[in-house]
Every structure is written in structure tokens, then in C-alpha cells.
Amino acid sequence: MSLKQRLRNCVYLATLVSGSVLFSISTHAQDEQQYVTDILHVPLRSGEGNEYRIINKGIRSGTPLTILEAGSSEEWVKVRTPQGVEGWIRSQYLQENETASRVAAKMESQLKRANEENARLQQEVSNLKKQTQTLQQTSDSAQSAEREMAEELQNIKTLSAGAIDLEKRYTELLERQQLLQTQNDVLIAENENIKGDTSVKFMLYGAGLIIIGILTALIVPALTVKKRHSEWR
């Protein structure tokens, strides 16, 4: 192995995240999915050895690879990229768990979505508060209108009761007026009768006086003549 290749491998090993588990694969691990370790880029070769040509020299850290088969030694593994490219990669660059950067990216994405969801929920809460305030104002207005209607209804009842009393009083006064009118008509008729009787009486009295006057005029001279005859004798 050349010195340049050895230095490159040392750089790769130096950049591994602490706590990553070195990949160990058996012949029964086919179709298992693992991830490229926290190295910037990992080359994918056409065979299990550094002498084979590089098919893809830029597999980024955290890229999920499908394990196809184990190599003749534990140093190399045949994998398939998400784009369908198949090749060989050193097993030291693989780990079972996702890389910290990928996990951090997922957590950041989840945090972003959580913040967006939180902002949306806060907006909904704000809208609900506004709706609650509007409903409260509407409820207060409705209660105020209900109180005003109740007061108006009470006033109408009071006025209605007064109107009923006034109508009853008016009816009583009208009946009393009609009774008084009837009594007045009776009195007028009786007065007319009395006036008629008085006129007849006056006429009778006048006729009587006339008759008495006539009788007096006739009797008094006769009495005077008799008295003279008596004196002559």
C-alpha cells in the first residue's frame, strides 16, 4: 500500500465519531441496511481492494447503503447505493446506526417541524382567543338585549294592565253616563208632565176664579135689591 493511501486511511479513521461501532458482517447479513460513518466522502470501488477503480468517490456521510454480500475478508463489503449503484466499500466505513450528523439533521428537521407546528398551534390559540372574545362580546350583547327586552316587556305589561284598568273605568263611566242620561230623560219627561199638570191647574184656577167672579157679579146685585126691598117694607 502506498504512503499516500495510508495517510488517506488515517485521515478517515481520525474523523470517525467516538462511540461508532466497527462493522462486522457475516455471510447471513445480506440485504441488511447500514450507514456510512461520519466521514466526509467514501469511495465506492468496483472490487474488494484499493487496486480496483473507483465507481463513486463521493458517497457522503450518513448515506444508507444496502448490504449485498460480504467479501473474502472482513475488510470489504459489497453494497448498493440508494441510486442503485453497486460496488465495494471498506467495512470500517460502515456502522449499524445512523451518523450523528444525520441524526442531528433529522432532529433539526423534526425540531423545525415542531416549531412550525407550535407556531401554527399558537396561531390557532390566538385565533381561538379572538373567537372567544368575540363570542363573549356577543354573549354580553345578547344578555344586555335580553335584559332590555325583559324591561320593555315588563313596561308593556304595566301599560297593558293600566290600559285594561282604564278601559274598565271608561266602560263603568260610560255605563254610568248612560244611566244618568236615562235618569235625566225620565226627569225631563216628568218635568214636562208636571209643567202640563201645572198649566191645567192654572187654567182650572183661572176658570174657577172667572166663574166665581161671574157668580159674584150676579149674586151681589140680587142681594142688594132684596135688601132694599126689605128696608122699604
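On a predicted model such as this, the values are computed, not experimentally measured, just so you know.

**Structural notes on a nonpolar patch on the surface**
Turning to step 1, where the next piece is worked out: A cluster of nonpolar residues, Ile210, Ile211, Ile214, Leu215, Leu218 and Ile219, forms a patch on the protein surface that exposes about 580 Å² of accessible area.
Turning to step 2, where the next piece is worked out: Locating Leu218 in the fold gives a position in helix 2 (residues 100–232).
Turning to step 3, where the next piece is worked out: Judged by relative accessible area, Leu218 falls into the exposed class, the value being 57%.

**Quick word on the pattern of salt bridges**
Turning to step 1, where the next piece is worked out: In total, this model carries six salt bridges according to the counting rule given.
Turning to step 2, where the next piece is worked out: Across the pair Lys78 and Glu86 runs a salt bridge, and its minimum N-O distance is 4.0 Å.
Turning to step 3, where the next piece is worked out: On the accessibility criterion, Glu86 (36% relative accessible area) is partly exposed.
Turning to step 4, where the next piece is worked out: With a shortest N-O distance of 3.8 Å, Glu172 and Arg169 are connected by a salt bridge. Of this pair, Glu172 and Arg169 both sit in helix 2, separated by three residues, roughly a single helical turn.
Turning to step 5, where the next piece is worked out: Classification of Arg169 as partly exposed rests on a relative accessible area of 48%.
Turning to step 6, where the next piece is worked out: One continuous salt-bridge network, built from bridges that share partners, spans Lys78, Arg80 and Glu86.

**Here's the deal with the confidence of the model for the chain**
Turning to step 1, where the next piece is worked out: With 73% of its residues at a pLDDT of 70 or more, the chain has an overall mean of 76.
Turning to step 2, where the next piece is worked out: Least confident of the elements in the chain is helix 1 (residues 3–14), whose mean pLDDT is 46; most confident is strand 5 (residues 76–80), at 93.
Turning to step 3, where the next piece is worked out: Confidence over residues 10–29 falls short of pLDDT 50; this stretch has 26 contacts with residues more than four positions distant or in other chains.

**Topic: the nonpolar core**
Turning to step 1, where the next piece is worked out: Val42, Leu44, Ile59, Leu65, Ile67, Val77, Val79, Ile89, Tyr93 and Leu94 form the largest nonpolar core, which has ten residues in total.
Turning to step 2, where the next piece is worked out: At the level of secondary structure, the elements contributing two or more residues to this core comprise strand 2 (41–45), strand 4 (64–70) and strand 5.
Turning to step 3, where the next piece is worked out: Not counting chain neighbours up to four residues away, the residues in contact with Leu44 comprise Arg53, Ile54, Ile55, Asn56, Ile59, Val79, Thr81, Val85, Glu86, Gly87, Trp88 and Ile89.

Rules and cut-offs
Residues numbered from 1 in each chain as written. Predicted model: local features only at pLDDT ≥ 70, side-chain atom pairs only at ≥ 80, totals over all residues. Heavy atoms only, no water. Patch = residues over 30% accessible without salt bridge, like charges linked within 9 Å, V, L, I, M, F, W, Y side chains within 5 Å. Areas by Shrake-Rupley, 256 points an atom, 1.4 Å probe, with all protein chains shown as cover. Salt bridge = Lys/Arg side-chain N within 4 Å of Asp/Glu carboxyl O. Helix = DSSP H or I, 4+ residues; strand = E, 2+ residues; numbered from the N terminus. Buried < 20%, exposed > 50% of the residue type's maximum accessible area, 1.4 Å probe, protein only. pLDDT = per-residue confidence, 0-100. Contact = heavy atoms within 4.5 Å. Core = buried A, V, L, I, M, F, W, Y, C linked by side-chain atoms within 4.5 Å.

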